[in-house]
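These are the residues of each chain, in order.
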Number of protein chains: 4
Amino acid sequence: MERPIKHIGLLTSGGDAPGMNAAIRAVVCACEHYNISVTGIKAGYQGLINGWFTSLDSHSLIHSLCRGGTLLKSARCQAFRTQEGRAQAWQNLQQSGIDALVVIGGDGSLTGAALLEQEYPVAVIGIPATIDNDIFGTDACIGYDTATNTVVEAIDKIHDTAASHNRLFFIEVMGRNSGFIALNAGIAAGCSAILVPEHYQPVDDIIERFASCDMAGDAGIVIVAEGHQNGGIAELASITARRLPDFDIRVSILGHIQRGGSPSCADRVLAGRLGVYAIEQLRRGESGTMVALQHQLVCSLPLHDVIQQQPALQTEQLRVSRILAM
Amino acid sequence: MERPIKHIGLLTSGGDAPGMNAAIRAVVCACEHYNISVTGIKAGYQGLINGWFTSLDSHSLIHSLCRGGTLLKSARCQAFRTQEGRAQAWQNLQQSGIDALVVIGGDGSLTGAALLEQEYPVAVIGIPATIDNDIFGTDACIGYDTATNTVVEAIDKIHDTAASHNRLFFIEVMGRNSGFIALNAGIAAGCSAILVPEHYQPVDDIIERFASCDMAGDAGIVIVAEGHQNGGIAELASITARRLPDFDIRVSILGHIQRGGSPSCADRVLAGRLGVYAIEQLRRGESGTMVALQHQLVCSLPLHDVIQQQPALQTEQLRVSRILAM
Amino acid sequence: MERPIKHIGLLTSGGDAPGMNAAIRAVVCACEHYNISVTGIKAGYQGLINGWFTSLDSHSLIHSLCRGGTLLKSARCQAFRTQEGRAQAWQNLQQSGIDALVVIGGDGSLTGAALLEQEYPVAVIGIPATIDNDIFGTDACIGYDTATNTVVEAIDKIHDTAASHNRLFFIEVMGRNSGFIALNAGIAAGCSAILVPEHYQPVDDIIERFASCDMAGDAGIVIVAEGHQNGGIAELASITARRLPDFDIRVSILGHIQRGGSPSCADRVLAGRLGVYAIEQLRRGESGTMVALQHQLVCSLPLHDVIQQQPALQTEQLRVSRILAM
Amino acid sequence: MERPIKHIGLLTSGGDAPGMNAAIRAVVCACEHYNISVTGIKAGYQGLINGWFTSLDSHSLIHSLCRGGTLLKSARCQAFRTQEGRAQAWQNLQQSGIDALVVIGGDGSLTGAALLEQEYPVAVIGIPATIDNDIFGTDACIGYDTATNTVVEAIDKIHDTAASHNRLFFIEVMGRNSGFIALNAGIAAGCSAILVPEHYQPVDDIIERFASCDMAGDAGIVIVAEGHQNGGIAELASITARRLPDFDIRVSILGHIQRGGSPSCADRVLAGRLGVYAIEQLRRGESGTMVALQHQLVCSLPLHDVIQQQPALQTEQLRVSRILAM
């Protein structure tokens, strides 16, 4: 029997990711298709607590498909971690007649979603969106594919100048405690070394490798995940500089350009599929789950399983990265 | 027991696809890693028959990572379909001491690879690369992801001008008999209708949908796979124009821009993984197979199974496309 | 003495061009800066006749800076060419208390602006915006720089695939009767031949050049302005194919992707400068002029001089193009 | 009377800039056109002193047209600042029979060129190439247009995430002591404030402006030229953070991505025109000059005038930037 969902609330939370707007549009289109009302909640859980509600028009949303960021805005919210905050949130949902909440965001956002669903009689479903790709249970998170393309394009540019000057660059990329961006962009951009949080490499090993190779003929690029275990990137570069005085070494922190930009085709399609499936699962009476992509198929799994595990890098990809770094 | 592969030949064949250069580099790096000689064969099977052999230097290949096309050049070759052609190819391989052949290409190229392997005692392995994504047994072909991004970027541009003039565009995209590009790019770009070869939609249905909607406020884009069953795109547009005289209708054939461009991160990573795995499987004594990606993992499967089946569009994605086309 | 302009109307007309939104924003920001009211007029002169007026908010316009097309929409309008149409337009301007009109558009749009200014006591100023760059009196038109970048990126992509197959491509680009896009993009993309309307080259000359060169080693690209004098591009290609049977020849019509896309830095800066200057000149009491860029400086000149002349290609650039096509 | 130039040497020097490869190709094509031999000199003046000479093939150069950096590599060279260094350089030129030198680079590189020309009987001509655009006497330097596009694209991406979180970003861009990149990219990207070395703005003024505006509704971006006079960007941000505790402030240093990337159409055309003109002026017997673009026309002017002056920002553009920052 299908649960008679009549009115959903929709928010984006945590760090923004390209494709969030595509997910918003997909949720709104699916709601229209199934005759469900939809209310946008601005600035994530903060807006849920403060009652920053807004209407969403599927027609105008097409112009946001190609935009990064989130038109509903996002925020990190301390208050929602408290019982009082969630109580206020629940009250606002009740008052607006919202009987289901769709949360688009990362790990922390899904944890909040799980708590709300546990404590109050509201259906909650999560859609994984984070450039870090660090959510368990889905083959891909919305925004990750775009971020890796942004990183590869940036490194291609830096490679132009590095090769013109035979320089060694240390480039820091995002990813929090995960090495997905660094590993994949590092393979794609032909980096000479890849430092990820999941696998510690002593600096000595990296330096030794460079010392033994002939840099006279070309450039080198070391991609460093922000969560790596070798200290700050500046320190890493200066240790290397002391040990390899003949190398011309530079540091680049790619920073927030990694969050923005027009979402890739894959991210928009993922957002479209997960957004529609979230509404379809809510109609089937499901709650407390996250929609996901597994083996190219949409599926859903319990939020509690999702938030208590971390996805792991594939050892095969790590091996490949070392072979290609030759 | 590992087969003592000592010298491989490498060629790209059929339509070129972005990421072929990344696959070439991966094969060469893996060969260096495993102490295998590698000979490049120019212009596909034609070069194999004509003996257009060349050396490949892993060091210089890094500059090709970010380039579309194939530095080994490609061609379609009638002669290789004949027994005489393949006999000549085999003779050239023998003379050069090549004991295994790696073929990077699409369906037709893999068919040729299977024939050669059947007829002569040479190890052969295929790597799937085609923007059409129409190879059975792999979740993705090299070049497809880049092509969909190119198409989405092109439609985003056309959408700018379409929206400024409230126009209805018919846009033809590549894909031969497959609708992968059209379906995925169509979802991503928010197209109003998607015509794929796999699912016939009478023109009347499409026109009826437009007739009932209010075009005064916005633009519409119909994405049409080249293999669709509604006749030429120009005819389609002119039928629509006759039936909807108030609409300002335009046609655009995206053409060969879809083949080129810097490969996406996903295509380069896929190329890197499959290129390395191809060499590793040859070393394990495998032959007559294609390396592939299934469920995010590299694997291999018999060429004969691959070339006798066609991958199918997911019905879930077709359903999603209709909901998002609202 | 400054004319007391209190309320301006703003419209975009003719073919849309990237940077029109940046010009709209600049006009609105300048109006706010100088305490002038501003009314947006939708769909060009059609909206002026039909009274499709709308308010414009400078705050929200920042999100349009990076978008192609025009948020005010555009149209070509037959009615405005009639006395009745312009009379209706003037009546609408009067009723809304608009005492000056800013017209963003190309040659035809500026001609309409000149007529209105001549017939009715309303101040009118033009801002040149067209990808064709065919407006006399300004070093650059808004949208042209972006369009040339779009064309060069497209040809770079096609070059990837052309070089992989040793093909000869005929690529048609926009520009109406002007060769600016073809000449500049052709130089930038390293084209083998450039056909522009301003300089007729017999097909025989082009074919002879290709016949004498060795195509076996590489690709060739002929860029053809849509207004060239050698017949349709398909005919051109088929004549060449008959005469050079060994060449693998393809045709690509770039089409409407050339109109859209995020405007380049140069186009946005040009739009910003001209938009502000238009308002400043209206405040100085000027009317019947077009703002322009000459020798890197903003200036203005009579609309009548502008619309009766055509800018010419530089012979130096034509000579350079032939040297670089070697 | 034309000077019988028979053999030129060609080098790129100083910081690399997108379009240097296009300039190299143009010089080589012009040399072939006029039957002049050409020798490439690697790594700038260092290679001139060390005799790192190489041949250049016009045919293969077409593949470098779309690449950033310089295939001749570049370097900054202390030795060339000494008499001994230049004496060695001259000796190498003599030995190779090179009777003219073409130097592609920035201010420092042109200063070196002027010195060599003064001291030894070798013809020398300069081509201005630097992303900083800080060379007197030319309307544009090769690489500058591309760099501004790269910066604007990066800020567009950051704007996506800034707007999603209502953040205030301080973004540092290159330009040494010049504000060209910051001013133009700042106008184009709709920045809220622009800090350039040429015009000191007290931090208090900037902070006051932000304090008075309502940030609740949107994001703000301050673009800061690396040579600005307000201390490090981190310090600037932290002062602002102390004074505006309610603002969520972030810092981003764009870094070396600004140097690379595929050159824009305008940069490639500029490189093509200046490269050809340099050879034509050498043939006319000219020496000790820099080729340049003035008022859309190619021209040349004495190196000594060029290296003793600095180009200035236009006050009109500064005024426009403040109006658009509203």
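Residues numbered from 1 in each chain as written. Chains lettered and ligands numbered in written order. Predicted model: local features only at pLDDT ≥ 70, side-chain atom pairs only at ≥ 80, totals over all residues. Heavy atoms only, no water.

This part takes up the overall build of chain A. Counting secondary structure elements, chain A contains twelve helices and eleven strands. Taken against the 2.2 N^0.38 rule, which gives 20 Å for 326 residues, the C-alpha radius of gyration of chain A at 22 Å falls within 12% of a compact globule. With the C-alpha coordinates of chain A rotated into their principal frame, the extents come out at 70 × 35 × 35 Å. Out of the 326 residues belonging to chain A, those deemed buried represent 67%. Considering only residue pairs separated by 6 or more positions, chain A has 75% of its internal contacts joining residues 24 or more positions apart. Of the roughly 11,000 Å² of accessible surface on chain A, 48% is carried by carbon and sulfur atoms. Distance between charge centroids for chain A: 5 Å, based on 23 positive and 32 negative side chains. (Helix = DSSP H or I, 4+ residues; strand = E, 2+ residues; numbered from the N terminus. Rg over C-alpha atoms; globule rule 2.2 N^0.38 Å. Buried < 20%, exposed > 50% of the residue type's maximum accessible area, 1.4 Å probe, protein only. Contact = heavy atoms within 4.5 Å. Areas by Shrake-Rupley, 256 points an atom, 1.4 Å probe, with all protein chains shown as cover. Lys, Arg positive; Asp, Glu negative; His and termini not counted. Charge placed at Lys NZ, Arg CZ, Asp CG, Glu CD.)

Here we come to the UniProt feature "binding site: ATP" (unreviewed entry) in chain A. Residue and element names in this part refer to chain A. UniProt records the feature "binding site: ATP" (unreviewed entry) at Gly15, Arg76, Cys77, Gly106, Asp107, Gly108 and Ser109, using the numbering of this structure. Their sequence span is 95 residues, while the largest C-alpha to C-alpha distance among them is just 13.5 Å; these annotated residues converge on one region. Tracing the sequence through the fold places arginine 76 in the loop between helix H3 (58-61) and helix H4 (83-95). Not counting the four nearest positions on each side in its chain, arginine 76 is found in contact with Gly14 and Gly15. Here glycine 108 shows up in helix H5 (residues 107-119). (UniProt positions renumbered as here; feature names shortened; annotations may be inferred.)

It is worth spelling out the nonpolar core at this point. In this structure, Ile8(A), Ile8(B), Ile8(C) and Ile8(D) are the most contacted members of the largest nonpolar core, which totals 317 residues. Excluding anything up to four places from it in sequence, Ile8(B) contacts Val27(B), Cys31(B), Ile36(B), Ser37(B), Val38(B), Thr39(B), Ile98(B), Ala100(B), Val102(B), Ile279(B) and Leu282(B). (Core = buried A, V, L, I, M, F, W, Y, C linked by side-chain atoms within 4.5 Å.)

What follows concerns the pairing of strand E11 (residues 297-302) of chain A. Look at any regular strand and the pattern is simple: side chains alternate between the two faces of the sheet. All names here are of chain A. Direction of pairing for strand E10 (residues 289-294) relative to E11: antiparallel, over a ladder of six bridges. Considered in E11, the bridge of valine 291 is made with serine 300. Following E10, the chain reverses through two residues before pairing antiparallel with E11; histidine 295 in that reversal takes a positive phi of roughly 55°. (Pairing = 2+ DSSP bridges.)

This paragraph deals with the environment of Ile279(D). Residue and element names in this part refer to chain D. Structurally, isoleucine 279 is set in helix H10 (residues 265-283). Taking C-alpha positions, isoleucine 279 is 29 Å from alanine 312, a pair spaced 33 residues apart along the chain. Filtering out sequence-adjacent residues up to four positions away, isoleucine 279 remains in contact with Ile8, Val27, Ala30, Cys31, Tyr34, Ile36 and Val102.

Now for the sheet that holds strand E9 (residues 248-253) of chain D. Residue and element names in this part refer to chain D. In space, the four strands of this open sheet follow the order E7-E8-E6-E9, with parallel pairing throughout. The open sheet has two free edges, formed respectively by strand E7 (193-195) and E9, since each of these has just one partner strand. Across the sheet, the mean angle from the axis of one strand to that of its neighbour is 15°, orientation sign disregarded. Here three bridges tie E7 to strand E8 (residues 220-225), and the two strands are oriented parallel to one another. Across the sheet, alanine 193 pairs through a bridge with valine 222, a residue of E8. (Axes fitted to C-alpha atoms, helices over the stretch in contact; angles between N-to-C directions.)

Attention now goes to the interface of chain B and chain A. With 49 residues of chain B at the contact, the number on the chain A side is 49 residues. Carbon and sulfur atoms supply 57% of the area buried between chain B and chain A, which totals about 4,200 Å² over both sides. On the surface where chain B and chain A come into contact, there are six salt bridges. Notably, a salt bridge pairs Arg319(A) with Glu280(B), separated by 2.7 Å at the nearest N-O pair. Taken together, chain B and chain A are joined by 18 residue pairs in polar contact (both at pLDDT 80 or more). Counting residues per element, the side of chain B that touches chain A draws most heavily on helix H10 (residues 265-283) of chain B, which supplies eight residues. Here the residues of the side of chain B that touches chain A are counted per class, giving 23 nonpolar, 15 polar and eleven charged. (Buried area = accessible area lost by both parts, 1.4 Å probe. Salt bridge = Lys/Arg side-chain N within 4 Å of Asp/Glu carboxyl O. Polar contact = N/O pair within 3.5 Å; in protein donor to acceptor, adjacent residues only side chain to side chain. Nonpolar A, V, L, I, M, F, W, Y, C, P; charged D, E, K, R; others polar.)

A few words on the relation of the copies chain B and chain A. For the pair chain B and chain A, the best superposition has an RMSD of 0.0 Å and corresponds to a rotation of 180° with a translation of 0.0 Å parallel to the axis. Look at the turn and shift together and you get a two-fold axis relating the two. Considering only C-alpha atoms, the part of chain B nearest the rotation axis is His295(B), at 2.3 Å. (Least-squares fit on C-alpha atoms with pLDDT ≥ 70 in both.)

On the surface, a cluster of negative charge is contributed by Glu153(A), Glu153(B), Glu153(C) and Glu153(D). Mapped onto the elements of the fold, Glu153(C) is located in helix H6 (residues 144-165). (Patch = residues over 30% accessible without salt bridge, like charges linked within 9 Å, V, L, I, M, F, W, Y side chains within 5 Å.)

Bringing the relation of the copies chain C and chain B into the picture now. If you rotate chain C by 180° and push it 0.0 Å along the axis, it lands on chain B with an RMSD of 0.0 Å. Interface overlap between copies is the fraction of interface residues in one copy that are interface residues in the other; for chain C against chain B it reaches 100%, indicating a shared surface.

Residue and element names in this part refer to chain A. Residues annotated in UniProt with the feature "active site" (unreviewed entry) correspond here to Asp132. For aspartate 132, the location among the structural elements is in the loop between strand E5 (123-128) and helix H6 (144-165). Among all residues touching aspartate 132, those that are not within four sequence positions of it are Met174, Gly175, Arg176, Ser178 and Phe180.

Per the stated rule, a full pass over the model turns up 40 salt bridges over all chains. The residue Arg86(B) makes a salt bridge to Glu119(B) at a minimum N-O spacing of 2.8 Å. Residue Arg86(B) is found in helix H4 (residues 83-95), and its partner Glu119(B) is found in helix H5 (residues 107-119); the two are separated by 33 residues along the sequence. Across the pair Glu316(D) and Arg273(C) runs a salt bridge whose closest N-O atoms are separated by 2.7 Å. One end of the pair, Glu316(D), is in helix H12 (residues 315-324); the other, Arg273(C), is in helix H10 (residues 265-283), on a second chain.

Our focus in this paragraph is the domain arrangement of chain A. Residue and element names in this part refer to chain A. Split into domains, chain A comes out as domain 1 (7-143 + 263-307) and domain 2 (145-259). Taken together, the contacts link 14 residues of domain 1 with twelve residues of domain 2. A combined buried area of about 1,100 Å² lies between domain 1 and domain 2, and 44% of that area is made up of carbon and sulfur atoms. The largest contributions to the domain 1 side of the interface with domain 2 come from Ile131, Asp132 and Asp134, which together make up 46% of the buried area. (Domains from an automatic or database assignment.)

As used in these notes, a disulfide is a covalent bond between sulfur atoms, one from each of two cysteines. Enumeration according to the criterion identifies zero disulfides over all chains in this entry. Cysteine Cys299(A) remains unbridged, with the sulfur of Cys141(A) as its closest cysteine sulfur at 12 Å. (Disulfide = S-S within 2.5 Å.)

Turning to the side chain of Ser321(C), a few remarks are in order. Residues and elements named next belong to chain C. With respect to the helices and strands, the residue serine 321 is situated in helix H12 (residues 315-324). Note on serine 321: relative accessible area 8%, which makes it buried. Separated by 2.6 Å, the side chain of serine 321 and the backbone oxygen of leucine 318 make a polar contact. Serine 321 has contacts with Leu183, Ile187 and Ile194, leaving out every residue within four places of it along the chain.

Moving on to the interface of chain C and chain B. Contacts between the two partners involve 33 residues from chain C, matched on the other side by 33 residues from chain B. The residue Arg67(B) makes a salt bridge to Asp160(C) at a minimum N-O spacing of 3.8 Å. Contributing elements (two or more residues each) for the side of chain C that touches chain B: H6, strand E6 (167-173) and strand E9 (248-253) of chain C. Considering only residue class, the side of chain C that touches chain B consists of eight nonpolar, 16 polar and nine charged.

Our next topic: the environment of Ala266(C). Relative to the helices and strands, Ala266(C) resides in helix H10. Separated by 122 residues in sequence, Ala266(C) and Tyr144(C) place their C-alpha atoms 9.6 Å apart. In contact with Ala266(C), other than residues within four places in its own chain, are Asp145(C), Asp145(D) and Asn149(D).

Attention now moves to the side chain of Asp107(D). Residues and elements named next belong to chain D. Structurally, the position occupied by aspartate 107 is in helix H5 (residues 107-119). Of the side chains with opposite charge, arginine 176 comes closest to the buried, unpaired aspartate 107, at an N-O distance of 5.0 Å. Those residues within four positions of aspartate 107 in sequence are excluded, and the remaining contacts are Ile135, Arg176 and Ile307.

In this section: the sheet that holds strand E9 (residues 248-253) of chain A. All names here are of chain A. A sheet is described by the order of its strands in space; here four strands give the open sequence E7-E8-E6-E9, paired in parallel fashion. Only two strands of the sheet have a single partner each, and these edge strands are strand E7 (193-195) and E9. Sheet twist, expressed as the mean angle between neighbouring strand axes with direction ignored, is 15°. Inspection of the sheet shows strand E6 (residues 167-173) paired to E9 by six bridges, in the parallel sense. By the bridge assignment, phenylalanine 170 is partnered in E9 with valine 251.

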